[in-house]
Amino acid sequence: MSARTVVISPAPTANGDLHLGHIAGPFLAADVHTRYARSQGREVVLGTGFQDTSTFVVTTAHRRGVTPAELVATSAAQISASLAAMGIGVDGYTGDDDRFTKWVVDFIGRLYSAGKLELRTMKFPYSSRTGQFLVDGFASGGCPECLAECCAGLCESCGQLVAAGDLLDVRSTLDPTEPVVLREADVLVLPVERYRSQLREHFAAHASGLRPHMAQALEQMLARPLPDFPVTYPISWGIEVPFPEVAGQRVNPNAEPMAWSMHCSALSSEARGAAAGAEDALWLAGAGSEIVYFLGFDNIYPFAIAGPAMLLASEGRYDLPARYLTNEFYELDHRKFSTSRGHVVWSRELAAEVPRDLIRFHLAATSPEHQRTSFGREALVRVTSSRLVEPWNVVADKVNRWVGRGPLPVSSRSRRGAARMAERFAASYELAGFSLNRAAETIADQLARLASREVTAASAGDFCFEVDRLLRGAAPILIDLAAEVLGEDGGAEARSFTPVALPRLRSAEVRS
């Protein structure tokens, strides 16, 4: 087992708050695994943050009639507050400061100095009216791979790299009516094709660390030559590079992930008491870190193709990440969350109305692990009431009848049953089979079993002990209930148990 686990959820763009779709995907999963692993005595750091170098900051600010700087400041505070409101225990929270900017330039500068980046002439959409090249969020059209509507850079639907000049029926995002032409510009690229065979070998050797959809997509991507990956763009938003061939250009935001991940892990480690050191210390070959990404499927190209190719270009300095826990889109009433159309449920607003343990349980039960799933307010009430609140309250009432009568004897049969529960939870929380869906299912199944049990004086010790072990297993999801009730762990082999008073849960009824 590795000396430590570095858990990373890619930084959301600083162009708005976090809605439930964000939380139900990578953030809740990363938090749950981290809490479980720490309960097993393992060293884990968890980091995320926000990204303000994305061109989507500019397009969103334009749409809202504010400056990009104003949007970033507001969004950064909102994202942090929403993570806290949902109980996501982030250690390191990145932003755009001098330390980060310098590290991105240093990291890319090493590749540049080693001759790993090459100058290429590429075609980009161009607005003659504004005199601006249109890349990433500035340009939209059809994906040349799957034909779905997307922006330049990456396709959310198929995960493929989408060169801005290859978009079908390309148009300006800021003004879809303005004429757009293709114009050439010299940019620095990483010839990713050079590393394709190594990437294929790496992911073939670590296939167990991938979910099926990602494994299938990587197989398709790596089965044919990989296009050059632009590291710089001829735009004025983002981190400026000091390379004379491309003076005034900015770092492609999708070329930042490895440098950002290293910075994120360094901040996280320092937040947990480690002395400040090199940004990439936890990533060095032989450092003993297992790097684990919890991320949306649409982020796999920068984090699993282009980013690792940069690590390979560093010629043995780094080990490659081996585990990627992806998720699909989480929808609202079976349609994509859309801030611009007001089709959204904000995490903080819901947490102000509904106990967050109920929200976390429902999001775990409906997490889009392998296919798109959907959130609905009626479903939140119905599912949490029938599968969590009502059975828990029955169980709590039964336990509370025996408070003050302990210690009560615990049989070997009950201890074996508690051990089986722990095994089922572990199977859901360990990375090899991680599943929020199955963890929530285990909570519901065990609550239903215990709620239906008749409790007598002879069986009260067994019953109260098993409820305690159930709550310990559920603790990474039901964080507030566990914090209120659980004391020191008496051990799975306890021969007696003293019950404590359990609170009742209130329902998830929300204001319309």
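Here goes a summary of the coordinates provided.

Cut-offs applied
Residues numbered from 1 in each chain as written. Predicted model: local features only at pLDDT ≥ 70, side-chain atom pairs only at ≥ 80, totals over all residues. Heavy atoms only, no water. Pairing = 2+ DSSP bridges. Helix = DSSP H or I, 4+ residues; strand = E, 2+ residues; numbered from the N terminus. Axes fitted to C-alpha atoms, helices over the stretch in contact; angles between N-to-C directions. Contact = heavy atoms within 4.5 Å. Polar contact = N/O pair within 3.5 Å; in protein donor to acceptor, adjacent residues only side chain to side chain. Phe/Tyr/Trp six-rings, centres within 6.5 Å; stacked < 30°, edge-to-face > 60°. Buried < 20%, exposed > 50% of the residue type's maximum accessible area, 1.4 Å probe, protein only. Parallel < 35°, antiparallel > 145°, perpendicular 65-115°, else oblique. Expected span 1.5 Å × (residues − 1). Bend = angle between axes of the 7 residues up to and from the residue.

**What about the sheet that holds strand β10 (residues 168–172)?**
Here comes step 1: If you walk across this open sheet you meet the 3 strands as β7-β6-β10, and the pairing is antiparallel. Since the sheet does not close on itself, it has two edges, and those belong to β7 (149–151) and β10, each with one partner. Put simply, the sheet's adjacent strands are angled 25 degrees from each other on average, direction ignored.
Here comes step 2: Bridge count between strand β6 (residues 139–142) and β10: 3 bridges; the pairing is antiparallel. In the strand pairing of β10, A139 is matched with S172.

**Looking at the environment of A494**
Here comes step 1: Its place among the elements puts A494 in the loop between α15 (479–485) and β20 (496–497).
Here comes step 2: In this structure the C-alpha to C-alpha distance between A494 and S411, which are 83 residues apart in sequence, comes to 9.1 Å.

**Quick look at the environment of Y195**
Here comes step 1: Here Y195 shows up in the loop between β11 (181–190) and α5 (196–205).
Here comes step 2: For the pair Y195 and P308, spaced 113 residues apart in the sequence, the C-alpha separation amounts to 9.0 Å.
Here comes step 3: Residue contacts for Y195: discarding those within four places in its chain leaves K116, L190, A309, L312 and A313.

**A closer look at the sheet that holds strand β15 (residues 289–296)**
Here comes step 1: A sheet is described by the order of its strands in space; here 5 strands give the open sequence β3-β2-β1-β15-β16, paired in parallel fashion. Lying at the two open borders of the sheet, with one neighbouring strand each, are β3 (92–94) and β16 (323–327). Neighbour-to-neighbour, the strand axes of the sheet open up by a mean angle of 20 degrees, direction not taken into account.
Here comes step 2: Inspection of the sheet shows β15 paired to β16 by 5 bridges, in the parallel sense. Residue G296 lies in a different strand from β16, and its bridge partner there is N327.
Here comes step 3: Most of the contacts of helix α1 (residues 20–39) go to strand β2 (residues 44–49), to which it runs at about 160 degrees, and overall it touches β1 (4–8), β2, β15 and β16.

**Focus: the side chain of S435**
Here comes step 1: Within the secondary structure, S435 sits in the loop between α12 (412–429) and α13 (436–451).
Here comes step 2: At a separation of 3.0 Å, a polar atom in the side chain of S435 contacts the main-chain amide nitrogen of R438.
Here comes step 3: Setting aside chain neighbours within four positions, we find S435 in contact with R211, E369 and S428.

**Remarks on the packing of aromatic side chains**
Two aromatic rings, taken as a pair, are described by how far apart their centres are and by the angle between their planes.
Here comes step 1: Under the definition given, this model contains 15 aromatic pairs.
Here comes step 2: Consider the rings of Y293 and F303, whose centres lie 5.2 Å apart with planes at 65 degrees: the pair is edge-to-face. Of this pair, Y293 sits in strand β15 while F303 is found in helix α8 (residues 300–313), placing the two residues 10 residues apart along the sequence.
Here comes step 3: By relative accessible area, which is 0% here, Y293 ends up buried.
Here comes step 4: Of the residues examined, F303 reaches a relative accessible area of 5% and is grouped as buried.
Here comes step 5: A centroid spacing of 5.5 Å and a plane angle of 75 degrees characterise the contact between F294 and F434, whose relative ring orientation is edge-to-face. Taken together, the residues span a long stretch of sequence, with F294 in strand β15 and F434 in the loop between α12 and α13 at a distance of 140 residues.

**Considerations on the packing of helix α2 (residues 55–64) against helix α3 (residues 68–85)**
Here comes step 1: Between α2 and α3, the least distance of the axes is 9 Å, while the angle of their chain directions is 100 degrees. With respect to their mutual orientation, α2 and α3 come out roughly perpendicular. In this structure, α2 uses V57, V58, T60, A61 and R64 to contact α3, whose residues at the interface are P68, L71 and V72.

**Focus: α8**
Here comes step 1: In a regular helix each residue adds 1.5 Å, so 14 residues correspond to 20 Å; α8 covers 19 Å between its end C-alpha atoms and thus fits that length.
Here comes step 2: At G307, α8 shows its maximal kink, close to 30 degrees; a proline, P308, follows between one and four residues later.
Here comes step 3: Counting buried positions over the 14 residues of α8 gives 14, a clear majority of the element.
Here comes step 4: Of the residues trailing α8, E315 is marked for its positive phi of about 55 degrees.

**Focus: unusual backbone geometry**
Here comes step 1: Even without being glycine, L147 reaches a positive phi, approximately 75 degrees.
Here comes step 2: Position of L147 among the secondary structure elements: in the loop between β6 and β7.
Here comes step 3: Of note in the backbone geometry, E315 takes a positive phi value of approximately 55 degrees without being a glycine.
Here comes step 4: Assignment of secondary structure puts E315 in the loop between α8 and β16.

**Considerations on the environment of Q198**
Here comes step 1: Tracing the chain through its elements places Q198 in helix α5.
Here comes step 2: Taking relative accessible area as the criterion, Q198 reaches 36% and is therefore assigned partly exposed.
Here comes step 3: It is 8.7 Å that separates the C-alpha atoms of Q198 and A309, two residues lying 111 residues apart in sequence.

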